[in-house]
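# A closer look at the structure
Chain by chain, the residues:
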Amino acid sequence: MAWFKREPVGLDTSGEKRVKTEGLWVKCDQCRQIIWKKDLDQNFNVCPKCDRHFRIDARSRISYLVDDGHYEIEDNDIASNDPLKFTDLKPYAERLKRSQRDTGLNDAIINARGKLNGKPVIISAMEYSFIGGSMGAVVGETITRAVEKATAEKIPLVIVSASGGARMMEGVVSLMQLAKIAAALARMDDAKVPYISLITDPTTGGTTASFAMLGDLNIAEPGALIGFAGPRVIEQTIRQKLPEGFQRSEFLLQHGMLDAVVHRRDMKSYISRALDFMAVPAQ
């Protein structure tokens, strides 16, 4: 019974090299195919098998839109002070610190300035991995600053939405941001400065009910979940089965709630053509 102590004969494993494969492959949740991570990155994080658009972070979204991936970040010096001292399963302050550590951001938003095919733009991109991209006082103030700068400087604005809606941990303070941003966008409309709303997966709640649907042009990525209440909540409320693809971007386009559904690889050129139509010159 001492067989398990025997050493392999003639096999030298002292110099054996192990190849690290973790993170090199990604599984697509839609077609279940295994994708080489480098191929996915080169394809704008879109599955080459089924065209599923993977969720990406705010920095990647901005880099896909601006020329040479070059942009300047602005308004990144504000952070929430936890106005309600809110606690559920854990203190809100703890959630903030963890999200700030994980993302390297103060909150779920990045304001950036760059050029899109030579045209100056201001981009405000939401970060879903920061407490579900929820909109609190900081997100509302940051987006409002982007709107006001774009209005004052006559520069087109692109807001990239990816959010679960208003941040419940800040209560009515978060709900006030809907009206605050909408009012700033109304002034921007009066000044005839273009605003393009790019809606990504997922965009729900107060974000959908405010600035995400207020663009001069409302466009979305394929397959994005867009709505106010989630489909499960709606089904439980009306006690009916929802149609196939309900609240997905293609469904919304078919029913007149969107102007276009645009593939991620074509997004930059599509927005550029839209700005040409809006008579925005290159610089």
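Our subject in this report is the structure included herewith. All values derive from a computational prediction rather than experimental measurement.

## What to know about the nonpolar core
One finds Ile-143, Leu-157, Leu-185, Met-188 and Phe-211 to be the most contacted residues of the largest nonpolar core, which totals 26 residues. Residue assignment for this core shows that the elements contributing at least two residues are helix H3 (92–103), strand S5 (119–126), helix H4 (137–153), strand S6 (157–163) and helix H5 (172–190). If near-sequence neighbours (up to four positions away) are discounted, Met-188 is found in contact with Val-147, Ala-150, Thr-151, Ile-155, Leu-157, Val-193, Pro-194 and Tyr-195.

## Remarks on helix H9 (residues 267–277)
Listing the buried residues of H9 in full gives Met-267, Ile-271, Ser-272, Ala-274 and Leu-275. Around the axis of H9, the buried residues are gathered within 160 degrees of arc, so they sit on the same side. On its buried side, H9 packs onto helix H2 (58–65), strand S4 (109–116), S5, S6, strand S7 (195–203) and strand S8 (217–220). Ala-279 sits one or two positions beyond H9 and adopts a positive phi of about 65 degrees.

## Section: the packing of aromatic side chains
In the structure shown here, the tally under the stated rule is three aromatic pairs. Relative to Tyr-64, the ring of Phe-44 has its centre 5.1 Å away and its plane inclined at 70 degrees; by these criteria the two rings are edge-to-face. Here Phe-44 is found in the loop between helix H1 (37–42) and H2, whereas its partner Tyr-64 is found in helix H2, with 20 residues between them in sequence. We classify Phe-44 as partly exposed; its relative accessible area is 28%. Since its relative accessible area comes to 22%, Tyr-64 is described here as partly exposed. An angle of 65 degrees between the planes, with centres 5.4 Å apart, marks the rings of Phe-246 and Phe-251 as edge-to-face. Among the residues examined, Phe-246 registers a relative accessible area of 23% and is labelled partly exposed. One residue, Arg-52, lies across the ring of Phe-54, its end atom 4.6 Å from the ring centre.

## Looking at the environment of Arg-61
In this fold, Arg-61 is placed in helix H2. Arg-61 gets classed as buried once you look at its relative accessible area, which sits at 6%. Taking the C-alpha atoms as reference points, Arg-61 and Ile-123, separated by 62 residues in sequence, lie 9.6 Å from one another. The residues touching Arg-61, leaving out its near neighbours within four places in the chain, are Ile-56, Val-160, Thr-200, Glu-221 and Arg-264.

## Points about the sheet that holds strand S9 (residues 260–261)
Strand pairing in a sheet relies on backbone hydrogen bonds. The paired strands run either parallel or antiparallel. Judged by pairing direction, the sheet is mixed, and its seven strands sit side by side in the order S3-S4-S5-S6-S7-S8-S9 without closing on themselves. Of all the strands in the sheet, just strand S3 (71–74) and S9 have a single pairing partner and so form its edges. Bridge analysis of S3 against S4 gives four bridges, and the strand direction is antiparallel. Paired with Glu-74 across the strands is Asn-111, a residue of S4. In the packing of H2 onto the sheet, contacts are made with S3, S4, S5, S6 and S7, and the angle to S4 comes to roughly 10 degrees.

## Examining a nonpolar patch on the surface
Taken together, the side chains of Leu-24, Trp-25, Ile-34 and Trp-36 present a nonpolar region at the surface, about 380 Å² in accessible area. Within the fold, Leu-24 resides in the segment before strand S1 (25–27). Under the relative-accessibility criterion, Leu-24 is labelled partly exposed at 31%.

## So, the environment of Ile-155
Residue placement: Ile-155 occurs in the loop between H4 and S6. Taking C-alpha positions, Ile-155 is 23 Å from Ala-108, a pair spaced 47 residues apart along the chain. Once residues lying within four places of it in the same chain are set aside, the contact partners of Ile-155 are Arg-113, Pro-120, Val-121, Ile-122, Ala-150, Met-188 and Val-193.

Definitions and cut-offs
- Residues numbered from 1 in each chain as written.
- Predicted model: local features only at pLDDT ≥ 70, side-chain atom pairs only at ≥ 80, totals over all residues.
- Heavy atoms only, no water.
- Core = buried A, V, L, I, M, F, W, Y, C linked by side-chain atoms within 4.5 Å.
- Buried < 20%, exposed > 50% of the residue type's maximum accessible area, 1.4 Å probe, protein only.
- Helix = DSSP H or I, 4+ residues; strand = E, 2+ residues; numbered from the N terminus.
- Contact = heavy atoms within 4.5 Å.
- Arc of directions from axis to C-beta.
- Phe/Tyr/Trp six-rings, centres within 6.5 Å; stacked < 30°, edge-to-face > 60°.
- Lys NZ or Arg CZ within 6 Å of the ring centre and 35° of its normal.
- Pairing = 2+ DSSP bridges.
- Axes fitted to C-alpha atoms, helices over the stretch in contact; angles between N-to-C directions.
- Patch = residues over 30% accessible without salt bridge, like charges linked within 9 Å, V, L, I, M, F, W, Y side chains within 5 Å.
- Areas by Shrake-Rupley, 256 points an atom, 1.4 Å probe, with all protein chains shown as cover.
- Salt bridge = Lys/Arg side-chain N within 4 Å of Asp/Glu carboxyl O.

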